Amino acid sequence: MIDVNDLRKGVTFELDGNLYKVLEYSHHKPGRGNATIRIKARNLRTGATLEKTFTSGDRVPEARLEYHNAQYLYNDGEIYYFMDTETFEQYPIRAEILGDSAGYLKEEMPVKLTFYGSEALDVELPTTVDLKVTYAEIAVRGDTATGVTKTVTVETGIQVQVPNFVEEGDVIRVDTRTGTYVTRVQ
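Residues numbered from 1 in each chain as written. Predicted model: local features only at pLDDT ≥ 70, side-chain atom pairs only at ≥ 80, totals over all residues. Heavy atoms only, no water.

- In the annotation of an unreviewed UniProt entry, the protein is listed under the name Elongation factor P and assigned to Bellilinea caldifistulae.
- Word for word, the UniProt comment on the protein under Pathway (unreviewed entry) is "Protein biosynthesis; polypeptide chain elongation."
- Checking UniProt for the protein, the heading Subcellular location (unreviewed entry) contains the comment "Cytoplasm". (UniProt positions renumbered as here; feature names shortened; annotations may be inferred.)

Comments concerning the domain arrangement of the protein
Next up, step 1: Structurally, the protein comprises domain 1 (2-60), domain 2 (65-124) and domain 3 (128-185).
Next up, step 2: Taking only C-alpha atoms, the centre of domain 1 and the centre of domain 2 are 25 Å apart.
Next up, step 3: Each partner contributes to the interface: domain 1 provides 10 residues, whereas domain 2 provides nine residues.
Next up, step 4: The tally of links from domain 1 across to domain 2 stands at two salt bridges.
Next up, step 5: A salt bridge links lysine 21 to aspartate 122, with the nearest nitrogen and oxygen atoms 2.8 Å apart. (Domains from an automatic or database assignment. Contact = heavy atoms within 4.5 Å. Salt bridge = Lys/Arg side-chain N within 4 Å of Asp/Glu carboxyl O.)

Focus on the sheet that holds strand β9 (residues 90-94)
Next up, step 1: A sheet is described by the order of its strands in space; here five strands give the open sequence β9-β8-β7-β10-β11, paired in antiparallel fashion. Either end of the sheet is taken by a strand with one partner, and the two such strands are β9 and β11 (119-124). For this sheet, the mean inter-axis angle between neighbouring strands, taken without regard to orientation, is 45°.
Next up, step 2: Summarising the sheet, strand β10 (residues 110-116) and β11 pair through five bridges and their orientation is antiparallel. Bridging across to β11, phenylalanine 115 finds its partner in alanine 120. (Pairing = 2+ DSSP bridges. Helix = DSSP H or I, 4+ residues; strand = E, 2+ residues; numbered from the N terminus. Axes fitted to C-alpha atoms, helices over the stretch in contact; angles between N-to-C directions.)

Okay, here's the thing in structure tokens:
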């Protein structure tokens, strides 16, 4: 059992027979009475999100998870396939479960698979990923008084806000936790 005060972003717990991963966490302490903990969590089996409020002092069962090094292989639109790098077994994970992180996956990318028993539930991406810019608007000259940005599309189809000097064909590094531009690689 874990205290609800320990339900930070990324923690996995059980509730009513389902596994949830915390997406957002907020702690609210009113002037009187017990503190309340509000979380937004994703069901790791269905991909549905849940918003729940706990009272300080409540406890929830902790999920015992295992992590395996894996490699992203391919997707068929609805299902993404990963291969365990030690056993070479392939594991499918539905797109709803991956959510926004599916936009950062490139073929042969190393990832960590999260297992509950023998069931692959979630993917932990590297902190940053290098992606090639496939579409960028032309930058307007003279518009540099402030940190002007523009939206570009990268090879996986996601859009990223970048500085004006980034052009089509450049490779940029993107933070997978926040979806923000880090630096230009080439």
